[in-house]
Amino acid sequence: MKENWDQAFKQMLASEGGFTDDERDKGNQLPDGRKGSTMLGVTQFNWERHLGHEVTHDHMRRLTPADVEPLYKKKYWDVVRADELPSGIDYLVFDMGVNAGPGRSIKIMQTALGVPADGGFGPMTMKAVQAADPVKLIQDFSDAKEDFYRGLNDFTTYGTGWLNRVVAVKQKAISMAA
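Along each chain, residues carry numbers from 1 onward, in the same order as the chain's sequence is written. With the structure being a predicted model, the display of local features is reserved for residues of pLDDT at least 70 and the display and counting of side-chain atom pairs for 80 or more, all residues being used for whole-chain, interface and lining totals. Hydrogens and water molecules were not included; the side-chain quantities draw on all heavy atoms of the structure.

J.: Help me understand the side chain of H57, please; the structure alone is not making it clear to me.
T.: A run of H or I in DSSP becomes a helix once it reaches four residues, and a run of E becomes a strand once it reaches two; helices and strands are each numbered from the N terminus. Tracing the chain through its elements places H57 in helix α3 (residues 57-61). The contact criterion used is simple: two residues touch if any of their non-hydrogen atoms lie within 4.5 Å. Aside from chain neighbours lying at most four places away, what touches H57 is F19, D21, K35, G36, S37 and Q44.

In structure tokens form, the structure reads like this:
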């Protein structure tokens with residue numbers, strides 16, 4: 001829902017945290033061999049693509065929520081069609097899109113809905129969302145999200161944080177759906 005953007009954005013930023021240059025995090029590995037970093041959940045790679053030029057770690061450290069908001073709106077919220085989704089589902093799908101990519105988030109939602117999981121958000125997926133019980137969809141999505149995380153190679157390193165995020169996002173999404 002359009003009116004949920006501000007709340008969903010702030011909640012997602014709280015989950016993403018601040019600056020990190022943890023070399024174990026695949027998001028901090030730049031394809032050209034430079035050491036990357038992440039600020040407010042935005043990887044240096046994505047920020048450089050957004051700006052069209054390379055940036056330094058100092059530049060990344062200075063990013064503010066106002067700086068990154070347009071990127072999150074365009075590349076995540078809009079891609080998962082969150083303005084058209086029921087309250088709670090919008091935040092749930094957006095948050096996972098930020099964490100694992102919009103296509104992956106849409107596939108997880110499609111799996112939870114029992115429709116073909118192709119990562120495309122077409123009329124069949126939208127019809128299934130509209131017909132779904134929101135709380136059941138939130139639960140099924142969260143279960144599929146947990147399964148996705150448990151299947152990742154770096155689950156032993158980041159799994160506890162990911163699972164904590166699954167619980168927190170699910171609780172917030174359910175409260176928004178109520």
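J.: Would you take a moment to explain helix α9 (residues 155-177) for this structure?
T.: Every α-helix carries 3.6 residues per turn, so stepping three or four residues along brings you back to the same face. Bend is the name given here to the angle between axes fitted to two runs of seven residues, the run ending at a residue and the run starting at it. At G161, α9 shows its maximal kink, close to 25 degrees. Looking at the buried residues of α9, the elements they touch are α1 (5-16), α5 (89-100) and α8 (134-150).

J.: Would you explain unusual backbone geometry in this entry?
T.: Residues apart from glycine generally show negative phi values, whereas peptide bonds are mostly found in trans. Backbone geometry at L40 places phi at a positive 55 degrees, although glycine is not the residue there. Along the polypeptide, L40 turns up in the loop between β1 (38-39) and β2 (42-43).

J.: Explanation requested: the environment of G17 in the structure shown.
T.: In this fold, G17 is placed in the loop between α1 and β1. Spatially, the C-alpha atom of G17 lies 31 Å from that of D133, the residues being 116 residues apart in sequence. For G17, the contacting residues outside a window of four places in its chain are L40 and G41.

J.: I'm lost on the packing of aromatic side chains in this one. Help?
T.: Any two aromatic rings considered together are summarised by their centre-to-centre distance and by the angle between their planes. Think of it this way: a Phe, Tyr or Trp ring, Trp meaning its six-membered ring, pairs with another when their centres are within 6.5 Å, and the plane angle makes it stacked under 30 degrees, edge-to-face over 60, tilted otherwise. Using the criterion set out here, one finds 11 aromatic pairs in the structure. Arranged with centres 5.3 Å apart and planes meeting at 65 degrees, the rings of W5 and W77 form a pair that is edge-to-face. One end of the pair, W5, is in helix α1; the other, W77, is in helix α4 (residues 65-77), and 72 residues separate them in sequence. In textbook terms, an aromatic cluster arises when at least three aromatic residues are bridged by ring pairs, as seen for W5, F9, Y72, Y76, W77 and F94. Charges are assigned to positions over rings by a cutoff of 6 Å between ring centre and Lys NZ or Arg CZ, combined with an angular limit of 35 degrees from the ring normal. The ring of F19 has R61 sitting right over it, with the charged end atom 4.0 Å from the ring centre. The ring of F121 has R81 lying over it, and the distance from NZ or CZ to the ring centre is 4.7 Å.

J.: Even after reading the chapter, I still don't get the pattern of salt bridges, so can you show me in this structure?
T.: Any Lys or Arg side-chain nitrogen found within 4 Å of a carboxyl oxygen on Asp or Glu counts as a salt bridge. Applying the stated criterion across every chain, the model contains 14 salt bridges. Of the charged contacts, one joins R24 and D22 as a salt bridge, the two residues approaching to 3.0 Å between their closest N and O atoms. Between buried and exposed lies partly exposed: a residue is buried under 20% and exposed over 50% of the maximum accessible area for its type, with that area taken using a 1.4 Å probe on protein chains only. Residue R24 is classed as exposed on the basis of its relative accessible area of 57%. Residue D78 is joined to K73 by a salt bridge in which the shortest nitrogen-to-oxygen separation is 2.6 Å. Its relative accessible area of 36% is what places D78 among the partly exposed residues. For K73, a relative accessible area of 24% translates into the label partly exposed.

J.: Please explain the packing of α1 against α4 as it appears in this structure.
T.: Helix-helix packing is characterised by the crossing angle of the two axes and by the distance between the axes. Interaxial angle, 0 to 180 degrees, is taken between N-to-C directions of lines fitted to C-alpha atoms, where a helix line uses only the stretch in contact. The geometry of α1 relative to α4 is characterised by a closest axis approach of 11 Å and an angle of 110 degrees between their N-to-C directions. Overall, the two elements α1 and α4 adopt an arrangement that is roughly perpendicular. Judged by residue contacts, W5, D6, A8, F9, M12, L13 and E16 of α1 engage P65, V68, E69, Y72, K73 and W77 from α4. Three classes are used: nonpolar for Ala, Val, Leu, Ile, Met, Phe, Trp, Tyr, Cys and Pro, charged for Asp, Glu, Lys and Arg, and polar for all others, with Gly counted as polar. Here the residues of the contact of α1 with α4 sort into 9 nonpolar, no polar and 4 charged. Every angle not falling under 35 degrees, over 145, or within 65 to 115 is termed oblique; those three ranges are roughly parallel, roughly antiparallel and roughly perpendicular.

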